[in-house]
Every structure is written in C-alpha cells, then in structure tokens.
Amino acid sequence: MAEGRDFYEILGIGRDAKADEIQRAYRELARKLHPDVNKDPTAEERFKEVSEAYDVLSDPEMRRRYDAFGPDFRRVPDDVSPEDYARARAGASGGGNGVRFTTSFGDEGIDLDEIFGGMFDGGGFGRSFGGRGFGGARRDWGSVSGADQETELVLSVEDAYRGGHRTITLSGRDGSRTFEVDVPPGVVDGQRIRLRGQGGQGSGGASPGDLYFVVRIAPDSRYRVERRDIFVALPLTPWEAALGASVAVDTPDGEAKVRVPAGTSSGKQLRLRGRGMPNPNGAPGDLFAEVRIMVPAKLTDAERRLFEELAAASTFDPRRQR
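Conventions adopted
- Starting from 1, residues in each chain are numbered consecutively following that chain's sequence as written.
- It should be noted that, the model being predicted, local features are given only for residues of pLDDT at least 70 and side-chain atom pairs only at 80 or more, the latter also being counted only at that level, while totals for whole chains, interfaces and linings use all residues.
- The basis for every side-chain value is the complete set of heavy atoms in the structure, and neither hydrogens nor water enter the calculation.
- Each residue carries a pLDDT value, the predictor's own confidence for that position, ranging from 0 to 100.
- Think of it this way: any DSSP run of H or I at least four residues long counts as a helix, any run of E at least two long counts as a strand, and we number them from the N terminus.
- What is meant by a nonpolar core is a set of buried Ala, Val, Leu, Ile, Met, Phe, Trp, Tyr and Cys residues, joined one to another through side-chain atoms within 4.5 Å.
- Three exposure classes are used, based on accessible area relative to the maximum for each residue type with a 1.4 Å probe and protein chains only: buried under 20%, partly exposed in between, and exposed over 50%.
- Contacts are residue-level and defined by heavy atoms, with any inter-residue pair within 4.5 Å sufficient.
- Every angle, taken between N-to-C directions, lies between 0 and 180 degrees, and every axis is a line fitted to C-alpha atoms, over only the stretch in contact when it is a helix.
- Any angle from 65 to 115 degrees is called roughly perpendicular, while one under 35 is roughly parallel, one over 145 is roughly antiparallel, and all others are oblique.
- Each crossing is labelled by how the near helix is turned from the far one, with a counterclockwise turn of less than a right angle marking it left-handed and a clockwise turn marking it right-handed.
- Any residue that is not Ala, Val, Leu, Ile, Met, Phe, Trp, Tyr, Cys, Pro, Asp, Glu, Lys or Arg is counted as polar, Gly included; the first ten are nonpolar and the last four charged.
- Counted as salt bridges are all cases of a side-chain nitrogen of Lys or Arg within 4 Å of a carboxyl oxygen of Asp or Glu.
- Pairing between two strands is assigned when DSSP locates at least 2 bridges connecting them.
- Only centres within 6.5 Å qualify two rings of Phe, Tyr or Trp (six-membered ring in Trp) as a pair; their planes then separate them into stacked at under 30 degrees, edge-to-face at over 60, and tilted for everything else.
- Whenever two N or O atoms come within 3.5 Å, that pair is a polar contact, provided that in protein one can donate a hydrogen and the other can accept it, and provided that, for residues adjacent in sequence, both atoms are side-chain atoms.

> Just checking my understanding: could you explain the confidence of the model for the chain for this structure?
Do not read the fine detail of predicted coordinates wherever pLDDT is low. For the chain, per-residue confidence averages 78 on the pLDDT scale, and residues scoring 70 or more make up 79% of the total. Mean pLDDT in the chain bottoms out at strand β1 (residues 100–101), which sits at 38, and peaks at strand β13 (residues 287–293), which reaches 94.

Here it is in structure tokens:
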C-alpha cells in the first residue's frame, strides 16, 4: 500500500465519488503514467499507487472497509466492527496496551494487541506481544505471529477473464507445498488472492500468517488490458471502413460482432459495453476494438484498376482534413 497517502488523494477524487468518477479518474491517470508511455523513472511507482487505489475503491466491499478502517483495512479481522475499532484506537492512543473489547467469539474481552499484532504499539503487523489471548491465559513473550508471504500468480488474459480453480505448487528451501486456489472471474493485474493461515509459521503457539497470490496478467499479442477494459485490434478493408459493415472481433469470451459505421478511419475505437473483464462486485469493463485499415500487399489487376478509378473519381484528401 502507498504508505501515508490516502487512496482518494491518489486518484484526486472526493470521498463521496461515484463509481463512474472513480473509473474516469483512474483511466486519465493510467494513460499518463503507464510505463509504456511515460518514461519518467517515478512513473511506474506512481502507476502502481494509482492501480492499488483503484483496486480498492472500485470494489464496494473493500472500499467500505477502507472507509471504516483506513490504512489498516487489510489487517483488521472481519468480525471487528468500525465502532469497536474506533474505541480500540482511542483507548490505545490514551493507554497503550491492554485495550479490550468484545467480538462475536463470545463474552470474554480480547486484547487489542492479540488481534492486531501490535500495530498500535509501534511493532508493526505480524509481531505479537504479551497479553491476554482468547482463552485469557498470558502468552509467552517469545511467541511471534507468522509473517505474511506473497508470490506472483501469472495468468493469461483468458484465465483471468474466466477465473476458476487452480492447483499451484511452490518450491522453497524447505521443500514443496501445493495450494488450491480459487481465482475469481475478472481478476486484474495486481489483485491479491489471500489464503488464510498459509503463510509463515508462528512460534510459541502464535498463529501463522497469510499467503497472498499477486495476480500478474501475462502479455498477449491479441489483447491489451487496462484494469477491466480490454483493447483488441480490428483489421478492416478500405471498403468496410468506407461503406460500413458488421464484422467479427475476438474477445476472451469468444467471438463477438461489432458494427462499423460508414466512414470509419484508422485509430477509431469501437466500444462493446460490458464485454471487458467481469467484475463480481460491480460493473464489468468494456471492450474496445481499435480500427486498423489494411490494404492488400499485392494488388490483382482488377483491384489495381478499381483503385485507380477511385483515385481518379474521388476528391477526398485526408491531409487537408484537419
């Protein structure tokens, strides 16, 4: 996460921004900062910040948690309410350790540091402290919660589009481990899939950390993916572009038809609404077919004659159309 920076600030939007405002702000910034376009050494890091901010704020549930818990939204357990969290923070800022409140586990109070790994005591996430745990027994000072771990999960555009179940084996110094991962349809580059309790082992009876698979979408010769929007080249003949046509275009979900208006020029983008990456928590992305007018590399005698007739009859001059 972009430490110390607010996601709304990163995107340049207000906290009451609607979904379309969030998407529009992201697209504008992504176009400016994408490493393929912007060669400024800082652009890639800023692009990652913008992408992370969009990932969170475009997902209604993640945005709700971010609004409630701020930078700690990934660390706070699911059963902790914003009210309990606010009281816990207020107590921690005034009295240090030993702040306790009740959760759905039962009536027994729970030590704040036990839940949040000492984040209110300057120790950072993943560290554990002495104090009372769920059973009320005092823990050893030597117990340390397991560290969160992460690894990349490379997916093709089609696999990211469809999602599905995957069996993944990771090798390390201590041997190999196999994990069952459910990839949700429409995952985007940089999105993290969490496997609870599958990270580093804790010591002294402390809980293990989590394992995160960070999605990376592999480059594809057919598709360019920008968040949930997909871009694909659409080759057209000169007569299709001039007269208009209905032609087939490839998408990760199979072939689709796109209507080409008469008088379409190269570079024009034809949008197929909702045919981009799926979004389980909101509106899907769009697919943009980018027109490329192609001509035969070698003309037949008949084709050459017809093109010569067109050249003689037409008064069109694209260099004067400015």
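> Help me out: how do you make sense of the nonpolar core in this one?
Soluble globular proteins tend to bury their nonpolar side chains together. Residues Val181, Phe213, Leu234 and Val249 are the most contacted members of the largest nonpolar core, which totals 34 residues. Apart from residues lying up to four places away in sequence, Phe213 is in contact with Thr151, Leu153, Ile168, Leu170, Phe179, Val181, Gln191, Arg192, Ile193 and Leu195. Ala25, Leu33, Tyr66 and Phe69 belong to the second-largest nonpolar core, a separate cluster that totals 24 residues.

> Sorry if this is basic, but what is going on with the packing of helix α2 (residues 19–33) against helix α3 (residues 43–57) here?
Helix packing geometry: the angle between the two helix axes and the distance between the axes. Closest axis-to-axis distance for the α2/α3 pair is 10 Å, and the angle between their directions is 165 degrees. Compared by their axis directions, α2 and α3 come out roughly antiparallel. When you trace α2 past α3, the crossing you get is left-handed. Residues Ile22, Gln23, Tyr26, Leu29, Ala30 and Leu33 of α2 lie in contact with α3, whose contacting residues are Ala43, Arg46, Phe47, Val50, Ser51, Tyr54 and Leu57. Looking at the contact of α2 with α3 residue by residue, the class counts come to ten nonpolar, two polar and one charged.

> Where do I start with the pattern of salt bridges in this structure?
Two side chains carrying opposite charge are able to pair once their charged atoms lie near each other. The full count for this structure, using the stated rule, is 17 salt bridges. Between Asp55 and Arg227 there is a salt bridge, with the nearest N and O atoms lying 1.9 Å from each other. Of this pair, Asp55 sits in helix α3 while Arg227 sits in the loop between β8 (223–226) and β9 (229–236), and the two are 172 residues apart along the sequence. For the residue pair Asp55 and Arg227, the accessibility class agrees, reading buried in each case.

> Is there a simple way to think about the sheet that holds β8 in this case?
Two strands in a sheet stick together by hydrogen bonds in their backbones, pointing the same way (parallel) or opposite ways (antiparallel). Strand order in the open sheet made by the four strands is β8-β9-β13-β12, with mixed pairing throughout. Each edge of the open sheet is held by one strand with a lone partner, namely β8 and β12 (269–272). The mean inter-strand angle of the sheet, taken between neighbouring strand axes irrespective of direction, is 30 degrees. Here β12 runs beside β13; their pairing, made up of four bridges, is antiparallel. Bridge pairing in β13 links Leu270 to Ala289.

> Is there a simple way to explain the packing of aromatic side chains in this structure?
To describe a pair of aromatic rings, one takes the distance between the centres and the angle between the planes. Counted under the stated rule, the structure contains seven aromatic pairs. Here Tyr8 and Tyr66 contribute two aromatic rings whose centre-to-centre distance is 6.2 Å and whose plane-to-plane angle is 40 degrees, an arrangement assigned as tilted. Residue Tyr8 is found in helix α1 (residues 7–11), and its partner Tyr66 is found in helix α4 (residues 60–69); the two are separated by 58 residues along the sequence. The same class applies to Tyr8 as to Tyr66, namely buried. With centroids separated by 5.1 Å and ring planes inclined at 15 degrees, the aromatic side chains of Phe231 and Phe288 adopt a geometry described as stacked. Here Phe231, found in strand β9, pairs with Phe288, found in strand β13; they are 57 residues apart in sequence, far enough to count as distant. Like Phe231, the residue Phe288 is buried in the burial classification. Within the aromatic cluster, the residues linked to one another by ring pairs are Phe7, Tyr8, Tyr66 and Phe73.

> Explain the sheet that holds strand β7 (residues 211–217) here, please?
With mixed pairing, the three strands of this open sheet are ordered in space as β3-β7-β6. Looking along the sheet, the strands with just one partner apiece sit at the ends: β3 (149–155) and β6 (192–195). Taking the axes of each pair of neighbouring strands and ignoring which way they run, one obtains an average angle of 25 degrees across the sheet. In the sheet, β3 pairs with β7 via seven bridges, with the strands oriented parallel. In the strand pairing of β7, Glu150 is matched with Tyr212.

> I keep staring at the side chain of Glu290 and nothing clicks. Help me out?
Inspection of the secondary structure puts Glu290 in strand β13. There is a polar contact of 3.4 Å between the side chain of Glu290 and the side chain of Arg224. At 2.9 Å, the side chain of Glu290 forms a polar contact with the side chain of Gln269. Once residues lying within four places of it in the same chain are set aside, the contact partners of Glu290 are Arg224, Phe231, Val232, Ala233, Leu234, Lys268 and Gln269.

> What should I look at first to understand the packing of α3 against α4 in this one?
One way to put it is that α3 packs onto α4 with a least axis distance of 6 Å and a crossing angle of 100 degrees. Considered as vectors, α3 and α4 are oriented roughly perpendicular to each other. Residues Asp55, Val56 and Leu57 of α3 lie in contact with α4, whose contacting residues are Met62, Arg63 and Tyr66. Taken together, the residues that form the contact of α3 with α4 break down as four nonpolar, no polar and two charged.

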